[in-house]
Amino acid sequence: RYVRLPKHTHAEAAFTVEDKYQGKGIATHRLQELVPFARMGHIEVLEAEVLAENRRMLDVFNHMGFQVTASLQEGVVHVEFPVAETELSQEARWAREQAATIASTERIFRPRSVAVVGASNRPGTIGNVLVRNLLRDEFNGPVYPVNPSHHVVCSVPCYATLQDIPREVDLAVVAVPASQVLEVVKQAAAKHVYALVVVSAGFGETGPEGNALQEQVLDVVRRHGMRLVGPNCLGILNTEPDVRLNATFAPISPPAGRVALSSQSGALGIAMLSLARQLRMGISQFVSVGNKVDISGNDLLQFWADDPNTDVVLLYMESFGNPKKFSRIARRVGRKKPIVVLKAGTSKAGARAASSHTGALAASAVVAQTLMEQAGIVQTDTMERFFYAAKVLGSQPLPRGNRLGILTNAGGPGILSADRAEAEGLSVPALSRPLQNELRRGLLPTASVLNPVDMIAGASAGHYEAALKTLLACDEVDQVLVMFIPPVVTRTADVVQAILNARQAVDNPKPLVAAMMVEQTTGESDLDRLEAGRIPTFRFPEDAVVALAQLTRYRDWRTELKGSVRRFADVKRDQAKGIVAKQASAEPSWLTAVQGFALLDAYGIRTLPVRHAATAADAAAAAEALGFPVALKLSSATITHKSDVGGVSLGLRSAADVRTAFAALERRLEQAGKRGEMDGVLLQPMASGGLEIVLGMSEDPQFGPVLMVGLGGIYLELFKDVQFALHPVTDRDVSKMIDKLRARPIFDGYRGEPARDVDALHETLLRLSQLVEDHPEIKEIDLNPVMLQPKGQGCITVDTRFRVQAVDPFQEYVISHMED
């Protein structure tokens, strides 16, 4: 707990941990949980009194990653540290969290023994296939079938219950009817089983009754410190030579390799394992998470981040459990290893299907895509491209740039590849004269040595080797696509050897992929040789180009500068807090325009002066005070789009104009039956010379606050030129949002238009992000228009809308920290 001290920004922290539980990380975890609540209470510094000999407690404070100061007096150490998050404290928390996850999941992937509850002798049943797969792949440990109806299953002694097994059980795979699962889980708890894989269906995916049973199972698992994969899943697999675990009921085993794969769909998981074999892609580990009530993609990412046998992570996802946590983990893992995601449920129909299939709410497609872009995740839209991306990301070095060299013996595929490359953001540069001359020396006289390099159909294996060596060694392309269509005169095997020779001869790490348009059965062994030489093969060149583009985009994200979250010292947080608290209640409500402008002013966001007037006479007087010309706008808590009811009058140049406009607005509302919704008007000076921009924030039910920037005013709904970023945004996120707008060239000056103050727009978005961070009661913001002035003149907010609702800080914290 903490107790606030007389200096209200300070509090004293204290911990009680019984002697027998000390040294297990409990105090560290409690302090980690306590700090966010201190921040919610506007506490800036925590203090503690620790006996000098209590080294364990002193270590707890020192290892949190905060800047600790300590002083010793009469055998007592007085400790102080600011609770504001730092990069060091974030890293320390990540390391603790990851270590805990790895420790709790290690025996799922590397169990020393496996029990199959529901084992069967009847061929074709799940209980039978599970046992057969474990034995067929030669699991490196004992397998214990469990079924009271059998004495032997697949020639292995069978036990009536888990308790009857004479030795310890690390992993229990459960394949019994849903109604029997809870009792099996209780038996596993009594047996001290470390982890469970429940393949049985009939839980949360079936409705309220199944969900209630699922919650009971999870409660037993959590109370006894076990981990659970599933329920409603295909199982798990680990191809490591020292493990050889195939605890799935899939009919095939994929080849061993260095790609980790997780699927939220069991049936699709089977198809993926089959496709991995067809595409010659080796799997290190596979997990079918099913309903993911415990083990989720977040756990798997943390485990695979440091797994020495995994180079690439593939995730098939239908829903996010905790998107914020997923994003945080993915950003860190992505700096070490690429993450490739195939996300289902992006259409309205797909979202409905995903919800009924997994019992989870599908998230907004746009927001989900934004999350993955910010986290550096490679996104794919088909299963084949899902695996193609993994083949390239897992075998090729990161390119230095986006320049693609294309080598082919057929003009058509070369042209198609060049077209696709430019569509995917790759460059296909013309080669320099010296490089062309070098290529000509090794090719037929009729070959084209531009880019694509077309060696024509008569090209031999020797031509392939010479040209490919030149392209791999040169500094004019960053990656190479080599294509082969077998003519009559050249054998596939010879060209394959030539490609391998060229790769081996050139000591220049550069991505190289091959599009081998050969008959798949006759060329299978040749393609295997290329794959073994870490040269990914593709049937069609367009797929190869897409995979290289994904590699390049991942490289761009991974090498870009890490952004930082800005905090502005000149904000008036307490003033803003008073405005929000006055209006926020249990039901959502809108701030008045005057309150909205005051809120922006408190955060240093420039606005036009505004006056509220309830009568025509008051409006004329307010306009006189502001200075003409002015704009008159409807003030209403219920009418959102003022222009729909003629609620905006611009360029009013006299008090008489203001009175006339006020009276006309009243008449229009009277005719529309909306006069009662008018609570007056707002008067503002006219803003001129600005480009209309929209800034906003909406709170997604799963992802939390999402910031928006785009072309505003009447163009917002017409062009929908907007970009999003998940809160909190870094300065880098804001730059990317602005730069990705289609209207971005206008900001730099276009056809005589003045260049705009992009720096001011950048700062405004960062200040808006801080406003959202400081006041979780704000649920929606619409600043439209914001006038982006010429360079050096800033940007001015002309109109505002803020929706607020009271929040429970405890509930907000729990939601943000839930695993799923």
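Since this is a predicted model, take the numbers as computed values, not measurements.

Brief notes about the pairing of strand β10 (residues 171-174)
Next, step 1: Because side chains alternate across β10, one face comprises the buried residues Leu171 and Val173, and the other comprises Ala172 and Val174, equally buried.
Next, step 2: Relative to β10, strand β6 (residues 114-117) runs parallel, the two sharing four bridges. Bridge pairing in β10 places Ala115 opposite Ala172.
Next, step 3: In terms of strand pairing, β10 meets strand β11 (residues 195-198) through four bridges, oriented parallel. Across the sheet, the residue bridging to Val173 is Val197, located in β11.
Next, step 4: At this point the chain moves from β10, through helix α5 (residues 178-191), to the parallel β11, and the crossover so formed is right-handed.

Things to note about the pairing of strand β7 (residues 143-146)
Next, step 1: Residues Val143 and Pro145 point to one face of β7 and Tyr144 and Val146 to the other, with burial holding for every one of them.
Next, step 2: Looking at chain direction, β6 and β7 are connected through four bridges and run parallel. Counted as the bridge partner of Val114 is Val143 from β7.
Next, step 3: Read from β6 through helix α4 (residues 126-136) to β7, the crossover connection turns out right-handed.

Looking at a nonpolar patch on the surface
Next, step 1: Nonpolar side chains collect at one region of the surface, where Ile714, Tyr715, Leu718 and Phe719 lie side by side and expose about 460 Å² of accessible area between them.
Next, step 2: Within the secondary structure, Leu718 sits in helix α23 (residues 715-719).

Re the sheet that holds β11
Next, step 1: If you trace the five strands from one edge of the open sheet to the other, you get β7-β6-β10-β11-β12, paired in parallel fashion. Each edge of the open sheet carries a strand with a single partner, namely β7 and β12 (227-229). The average angle at which neighbouring strand axes cross in this sheet is 20°, direction not considered.
Next, step 2: With three bridges joining them, β11 and β12 adopt parallel strand pairing. Bridge pairing links Ala195 to Arg227 in β12.
Next, step 3: This element, α4, spans β6, β7 and β10 of the sheet and lies at about 160° to β6.

Description of helix α1 (residues 26-40)
Next, step 1: Taking 1.5 Å per residue, 15 residues should reach 21 Å; α1 reaches 22 Å between its end C-alpha atoms and fits that length.
Next, step 2: Along α1, the positions that sit buried rather than exposed are Ala27, Thr28, Leu31, Gln32, Glu33, Leu34, Val35, Pro36 and Ala38.
Next, step 3: Once α1 finishes, His42 follows within two positions and takes phi at roughly 60°, a positive value.

Focus on the sheet that holds strand β15 (residues 256-263)
Next, step 1: Judged by pairing direction, the sheet is mixed, and its seven strands sit side by side in the order β14-β13-β16-β15-β17-β18-β19 without closing on themselves. At either margin of the open sheet sits one strand with a lone partner, and together these are β14 (245-248) and β19 (378-380). In this sheet, neighbouring strand axes are inclined to one another by 20° on average, regardless of whether the strands run parallel or antiparallel.
Next, step 2: When strand β13 (residues 235-238) meets β14, the two strands line up antiparallel, connected through four bridges. Bridging across to β14, Gly235 finds its partner in Thr248.

Digging into the packing of helix α12 (residues 383-395) against helix α18 (residues 541-559)
Next, step 1: Direction vectors running N to C along α12 and α18 enclose 60°, while the axes themselves pass 9 Å from each other. Taken together, α12 and α18 sit at an angle that is classed as oblique. Handedness of the α12/α18 crossing: right-handed. Each of Arg385, Tyr388, Ala389, Val392 and Leu393 in α12 lies in contact with α18, whose residues at this interface are Asp543, Val546, Ala547, Leu548, Gln550, Leu551 and Tyr554.

Scoring rules and cut-offs
- Residues numbered from 1 in each chain as written.
- Predicted model: local features only at pLDDT ≥ 70, side-chain atom pairs only at ≥ 80, totals over all residues.
- Heavy atoms only, no water.
- Buried < 20%, exposed > 50% of the residue type's maximum accessible area, 1.4 Å probe, protein only.
- Helix = DSSP H or I, 4+ residues; strand = E, 2+ residues; numbered from the N terminus.
- Pairing = 2+ DSSP bridges.
- Right-handed = clockwise from strand over helix to strand, strands pointing away.
- Patch = residues over 30% accessible without salt bridge, like charges linked within 9 Å, V, L, I, M, F, W, Y side chains within 5 Å.
- Areas by Shrake-Rupley, 256 points an atom, 1.4 Å probe, with all protein chains shown as cover.
- Salt bridge = Lys/Arg side-chain N within 4 Å of Asp/Glu carboxyl O.
- Axes fitted to C-alpha atoms, helices over the stretch in contact; angles between N-to-C directions.
- Contact = heavy atoms within 4.5 Å.
- Expected span 1.5 Å × (residues − 1).
- Parallel < 35°, antiparallel > 145°, perpendicular 65-115°, else oblique.
- Left-handed = near helix turned anticlockwise from the far one by under 90°.

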